[in-house]
Amino acid sequence: MFILRMVWRETRAVWRRLLFFYICVAIGVGAIVAIRSIIQNVRVTLVGEARAIFGADVMASTSRPWRPETVQAIEQFLQGRPVQYTSVVETSTMVRPEREDRPAARMVELKAVEPGFPFYGRIELESGQPYRHALLADGGVVVQRDLLLQLGIGVGDRIMIAGQPFTVRDVVTREPGRQVSTFTLGSRVFIDLQALRQLNLLGFGSRASYRTLVKVADDTDAPRLSRALGRAVRDEFVQVRHYRGTEAGINEDLARAEDYLSLVGFVIVVLGGIGVWSVTRVFMQQKIRSIAILKCLGASGRQVLGTYVAQMALLSAAGGLSGVLVAYGALAAIPEYLVALLPSGRPDLTLSASVQGVAVGLLVSVLFALVPLLETRAIKPLLLLRADTAMQARRRDWVAWASYAIVAAGLAAVAAWQAGSLEASLYVMGGLAGVGLVLHLASSVLVRAVRPLTRARAFAVRHAVISLGRPGNQTRVVLLTVGLGAFFILAIQHVQANLLNAFSLELSDDSPDMFLIDIQRDQEAGVRALVDGRAIEPAKLIPVMRARVVGVAGRDVNLEAYDDVRRRGLGREYVITYRSHLEANEVMQAGELWEGPVPDGGTPDVSIEEGIARRGIGIGDRMRFDIAGREIEARVTSIREVDWSEARNGGFMFVFRPGPFEDAPRTFIALVRAPREPAARAALQRDLITSYPNVSAIDIREIIRTIQGVVQNITLAITIVGVIALGSGMLILIGAVAMTRFQRHYEAAIYRTLGASTRRLTAMVAVEYGVLGTLAGLLGAGGAVALSWAVTTRLLEMAWEPAIHIAAIGVAATAAVVLMVGLSASLDVLVKKPLGSLRGE
Amino acid sequence: MIELHGVTKVVRSGAGELTILHPLTLTIEAGRTAAITGPSGSGKSTLLGLIAGLDAPTSGRIVVDNVTLTRLDEEKLARLRGSRIGIVFQFFHLIPSLTALENVMVPLELADRPDARTRAESLLADVHLSDRGHHYPSQLSGGEQQRVAIARALANNPAVLLADEPTGNLDSATGRQVIEILLDVNKRKGTTLVLVTHDPALAAMADVTIRLRDGRIEEADGSRRGGERGSGAPASDEARRGAGDPAV
């Protein structure tokens, strides 16, 4: 009871001074609650709509045309069962307006459907009328609004797909499973499946996905039916899945995403925790006398410690609850255009996120407060008689060390709980400890580096630097937190600068900037002729085939069946080519390239990329490929390294020795340096698809623009985290200034008594915070340059250039912000009359 | 009763060891008033701190109200102070975040007294501060603060009341008031009172005067000299009369 009464009295008296404690907790908790709530909302929506997204109860899919025997097996299996089924084919192609005065052409994603589609979910149309298959009958299509904008046409106009005219009957605004935010090759166009089959688009070498959607009467049958169908099909390239698997998958992925993203919140809470620690430390220093009095009056150490721990817990809980309010406000404040990207619509606070946030805030802040609070044990009541015994340097006894260990273990446990993974928590804790240690050492070095200034001739500089080292100073804590915030922001700006730099370099150099794909053999000469004279240089045509690895017989790896291949990570379809030379972006790593074609009757040779070699395949191994239905065995004779950042000159995992493919069915891709002027570019694309409707043109410049947009969005997200971190740093700075206010008032009064003018005092404060801010900026910028170097060269494997201007602006901005914050927080110190302060002491 | 047997205090300072108190043996009988005087640095406050159990002697034994302090750990000492020893300081040392009434309530609450509030109110009434109970220390004058401190020190009816220069920070009229209260408590309740003071007039009011110089007892007026077994002797009649006379 005594403890509770004391908590109430203490809090009543000092809550204003502990406001920063409270805000530090609130911000971190707000971050956790908001992040978790958003993802939980998305998860609930997606899982609830899993079947609509999946579009069926059971689905058989393949990325190559159906084999007749597979189709037969599926039909045989499904007939006579209480099910409905329908087929869907998706492929991409170019479209253009029918009207000759519109020179635009665009890549689109065609979705060809039958009358039963969709089984689940609703396709929403701009006209408001319900979707019916009749809209697609007799040459009708339904498209997305942005295609109409790109082509400059409207509903009722006609577009050309593979040389045939189609009428735009309506605009689709929502399609289950297709998010606005998803990366797509182009706009969606719905078309009738029969109509698609009559177009010459599903021919050899085309890329299309084929699906059979099945709806069962009783959806609990889905998993069983799915397994049975899988057994019946017996086609290794066909996948049979059911929606519950997808549901579980979405659930799991999002749960993991939620946990990992919550670590971002956790890091912010830890930054807040550092603030809590620093506020508590100063608070305890100011409470030394009260604690001595309590001990003198007979309070036990446990009662004193209990009082302050309970007080901090109470404040943390209050801060945590305000954090929930902060999160509520943040969710309400998400701009509409961002809400549109979320499948859930505007997210609501969830109870579980709120409870977790408050609990994490409480645990972390009590853990951080515990270290300074434990120092109350060392306070001796004797100091009331003899002030010199106030704070004797105390050896860190085992209790202190044990408490540090408990705090560290406690933080790791909270992180593990939040991340749902012990490993991730250890990484985060290790990372935090590492960054903390480095910043701590660096700040020691920096503080030491400015020490000679204590002998500077200018009064303000001399005393400002002395102030940085005053007893009970918060210099290192402020350096640590502000430095960390600056570090986040500058590092991501730095990486972004390098990324954008790399892309713009590639845009300005002499590489091809348009790909033409699916050029048939009989179109090779025609395409070449059409491009020549209009492009900047003649087109380069490369023969390509699509292949799968179906077996490996090697020294280290032996893969018999396609399933084994898939488990090795080699299961995808590869685009391959054949030639007898290396490209400019290739370097031979091992072995030698052949000269000339394979001699008659010889074994084909293949050169593999080092990424394949890393999967355990080496020179001399034999690999079996399925190339357009024909099985070919080839011997690995060399390993190449491809510079993928220069892949616009072509990059292939497998390059074959010419010879065996002279008569094989193949298509060509063309690398074109298209004209720069948008009009000439559009005209070239349009003329190409008018003459060769099956050929698609991929505009690299447009893709790079899309990627730049993505990079900017990611940058924005990380910058927000950085701003919050920097904000925490600022709070700690304001807190530090506020907490040492009494001491500063007293000092300022003495300076004034000794004849210092307000201007001089202001100069002192300004220099102090200017130096502090510059040091923090230097810390952040130094760390940012190092991190961006590591990320750019090691992770992204790109050229790195120090962005000196960003570092310089960062240092200047940090110094300016710290200076402003410090000065405004010290305003009252600068204007107060000295006598009051001296009497007050 | 307060007994000190061969008590010394040695502190380690930068240069070497510094002896603050040389072996000291002393007895103050229960119900007496004793004044400890001496120049600055003579060891007065250290001696008071040792009796209060705020510090441990380097050697020797201290017994207060039949409890041997030197055998107790920090927590037990705190409990002992809470129940049997009241302390009044020169700088009052009220808890700034608590009101006057709450300051007085703290020792009562620590002792789990259910009547903490009513008792604190009556203690404040005893020092004529009934109407200032809801004021914070910063809103009280020095004399008022010291009276609150005395009320607080007396909260649990201590057997021993220790005062470290209780008037040192007060003007003479206010100081006199405070002294009256302290001596009155001694007289009415038989509380043993030990004062550290610079003020010869105040010292003269005590039954016993212990004069310290350089950590040794220079003179124990009214008691036998320390060094061997000693006990407090009755003080002179003049001193007792003086206690009741505000003009002194």
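None of the values given here were measured: they were computed from a predicted structure.

What counts, and where the lines are drawn
Every chain's residues receive numbers from 1 upward, in the order its sequence appears when written. Chain letters and ligand numbers both follow the written order, the letters beginning at A and the numbers at 1. Where totals are concerned, whole chains, interfaces and linings use all residues; where local detail is concerned, this predicted model gives features only for residues with pLDDT of at least 70, and gives and counts side-chain atom pairs only at 80 or more. Runs of H or I in DSSP of at least four residues are treated as helices and runs of E of at least two as strands, each being numbered from the N terminus. Exposure is read from a count of other C-beta atoms within 10 Å of each residue's own; the residue is exposed at 12 or fewer, buried at 20 or more and partly exposed in between. C-beta atoms are placed from the backbone. Note on contacts: each residue gets a C-beta atom placed from the backbone, and two residues are in contact if those atoms are within 7 Å. For helices, the fitted axis covers only the stretch in contact; all axes are lines through C-alpha atoms, and the angles between them, taken along N-to-C directions, range from 0 to 180 degrees. Angle categories: roughly parallel below 35 degrees, roughly antiparallel above 145, roughly perpendicular from 65 to 115, and oblique for all the rest. Left-handed describes a crossing whose near helix is turned anticlockwise from the far helix by less than a right angle; the clockwise case is right-handed. Polarity classes work like this: nonpolar for Ala, Val, Leu, Ile, Met, Phe, Trp, Tyr, Cys and Pro, charged for Asp, Glu, Lys and Arg, and polar for all others, with Gly in that last group. In this scheme, strands are said to pair when DSSP sees at least two bridges between them. The term nonpolar core refers to a set of buried Ala, Val, Leu, Ile, Met, Phe, Trp, Tyr and Cys residues connected through C-beta atoms within 7 Å. pLDDT runs from 0 to 100 and stands for how confident the predictor is about each residue. Each residue after the first adds 1.5 Å to the expected span of a helix. By arc we mean the arc of the directions from the helix axis to the C-beta atoms, nothing more. When the strands point away from the viewer, a crossover counts as right-handed if the route from the first strand across the helix to the second turns clockwise.

(A) Just the overall build of chain A, in detail. The helix and strand inventory of chain A stands at 25 helices and 21 strands. Looking at chain A as a whole, 41% of its 841 residues qualify as buried. A separation threshold of at least 6 residues defines the contact pool for chain A, and within that pool the share at least 24 residues apart is 84%.

(B) Summary view of the overall build of chain B. Broken down by element type, chain B carries 8 helices and 10 strands. When each of the 248 residues of chain B is scored for burial, the buried share is 50%. Relative to all contacts within chain B whose residues are 6 or more apart in sequence, the contacts with residues 24 or more apart total 68%.

(C) Structural view of the packing of helix H2 (residues 19-48) of chain A against helix H11 (residues 351-374) of chain A. Residue and element names in this part refer to chain A. It is at 8 Å that the axes of H2 and H11 come closest, and there the two elements cross at 150°. Between H2 and H11, the interaxial angle falls into the category roughly antiparallel. Crossing of H2 against H11: the hand is right-handed. Here H2 contributes Val25, Gly28, Val29, Ile32, Val33, Arg36, Ser37 and Gln40 to the contact with H11, which in turn contributes Ser352, Ala353, Ser354, Gln356, Gly357, Val358, Val360, Gly361 and Ser365. Of the residues belonging to the contact of H2 with H11, the class tally is 7 nonpolar, 9 polar and 1 charged.

(D) Main features of the interface of chain A and chain B. Taken together, the contact pairs 22 residues of chain A with 25 residues of chain B. Elements with a contribution of two residues or more to the side of chain A that touches chain B: helix H1 (2-14) and helix H8 (243-296) of chain A.

(E) Examining the packing of helix H9 (residues 301-333) of chain A against H11(A) more closely. All names here are of chain A. Here H9 crosses H11 at 145°, and the two axes come no closer than 8 Å. Helix-helix and strand crossings are classified by hand; for H9 and H11 the assignment is right-handed. Counting all contacts with H9, which are made through Leu305, Tyr308, Val309, Met312, Ala313, Ser316, Ala317, Gly319, Gly320, Leu321, Gly323 and Val324, the residues of H11 involved are Ser354, Gly357, Val358, Gly361, Leu362, Ser365, Val366, Ala369 and Leu373. Classifying every residue of the contact of H9 with H11 by side-chain character gives 13 nonpolar, 8 polar and no charged.

(F) Quick peek at the environment of A:Ile632. Residue and element names in this part refer to chain A. Structurally, isoleucine 632 can be placed in strand S18 (residues 630-642). Judged by C-beta crowding, with 19 C-beta atoms within 10 Å, isoleucine 632 ranks as partly exposed. Considered as a pair, isoleucine 632 and proline 604 are 28 residues apart in the sequence and their alpha carbons are 8.1 Å apart.

(G) Summary view of the sheet that holds strand S5 (residues 67-68) of chain B. All names here are of chain B. Taken in spatial order, the 4 strands make up an open sheet running S2-S1-S4-S5, and their pairing is antiparallel. Looking along the sheet, the strands with just one partner apiece sit at the ends: strand S2 (17-28) and S5. Here helix H1 (residues 44-51) sits on the sheet in contact with strand S1 (2-12), S2 and strand S4 (59-64), set at roughly 120° to S1.

(H) Fine view of unusual backbone geometry. Residue A:Pro118 is bonded to the preceding A:Phe117 through a cis peptide linkage, with omega at -10°. For A:Pro118, the position within the fold is in the loop between strand S3 (106-113) and strand S4 (124-125). Phi at B:His93 is positive, roughly 50°, even though this residue is not glycine. With respect to the helices and strands, B:His93 occurs in the loop between strand S6 (85-88) and helix H3 (100-110).

(I) Geometry of the nonpolar core. Ranked by size, the top nonpolar core spans 195 residues in total, and within it B:Ile36, B:Ile51, B:Val104, B:Ile150, B:Leu162, B:Leu182 and B:Val194 carry the most contacts. Sorting elements by how many residues they give to this core places H8(A) first, with 19 residues. Leave out the neighbours within four places in its chain, and B:Ile51 touches B:Ile2, B:Ile62, B:Val64, B:Leu162 and B:Val194. Among the nonpolar cores identified, the runner-up in size contains 100 residues, and A:Val88, A:Ala162, A:Val552 and A:Val655 belong to it.

(J) Examining the environment of B:Ala52 more closely. Residues and elements named next belong to chain B. As for its placement among the helices and strands, alanine 52 is situated in the loop between H1 and S4. In this structure the C-alpha to C-alpha distance between alanine 52 and isoleucine 87, which are 35 residues apart in sequence, comes to 7.6 Å. Among all residues touching alanine 52, those that are not within four sequence positions of it are Arg81, Ile85, Ile87 and Leu162.

(K) Representation of the pairing of strand S16 (residues 605-609) of chain A. Residues and elements named next belong to chain A. Within S16, 5 of the 5 residues are buried, which leaves it mostly tucked inside the rest of the structure. By the alternation rule, side chains of S16 split into Asp605, Ser607 and Glu609 and Val606 and Ile608, which are all buried. Bridge analysis of S16 against S18 gives 5 bridges, and the strand direction is parallel. Residue pairing across strands places aspartate 605 opposite arginine 635, the latter belonging to S18. Pairing of S16 with strand S19 (residues 654-656) involves 3 bridges; the strand directions are antiparallel. Residue serine 607 lies in a different strand from S19, and its bridge partner there is valine 655.

(L) Geometry of the confidence of the model for chain B. Residue-level pLDDT values for chain B average 83, and 88% of them are 70 or greater. Scoring of the predicted complex yields 0.66 for pTM and 0.76 for ipTM.

(M) Main features of H1(A). Residue and element names in this part refer to chain A. Between its terminal C-alpha atoms H1 stretches 18 Å, which fits the 18 Å expected from 13 residues at 1.5 Å a residue. All of the buried residues along H1 are Met6, Val7 and Glu10. Buried residues of H1 fall within an arc of 105° about the axis and therefore sit on the same side. More than 90 degrees from the buried face of H1, the exposed residues found are Leu4 and Arg12. The inward-facing, buried residues of H1 contact H9.

(N) Representation of helix H2 (residues 74-84) of chain B in the model. Of all the positions in H2(B), only B:Leu77, B:Ala78, B:Arg81 and B:Gly82 are classed as buried. Taken around the axis of H2(B), the buried residues stretch over an arc of 140°, which confines them to a single face.

(O) Representation of the pairing of strand S7 (residues 160-164) of chain B. In terms of burial, S7(B) is largely enclosed, as 5 of its 5 residues are buried. Considered for its hand, the β-α-β crossover made up of S7(B), helix H6 (residues 172-189) of chain B and strand S8 (residues 192-196) of chain B is right-handed.

(P) Fine view of the environment of A:Val495. All names here are of chain A. Examined against the element boundaries, valine 495 turns out to sit in helix H15 (residues 475-508). Judged by C-beta crowding, with 26 C-beta atoms within 10 Å, valine 495 ranks as buried. Separated by 296 residues in the primary sequence, valine 495 and valine 791 place their C-alpha atoms 7.4 Å from one another. In contact with valine 495, not counting residues within four places along its chain, are Ser788, Val791 and Thr792.

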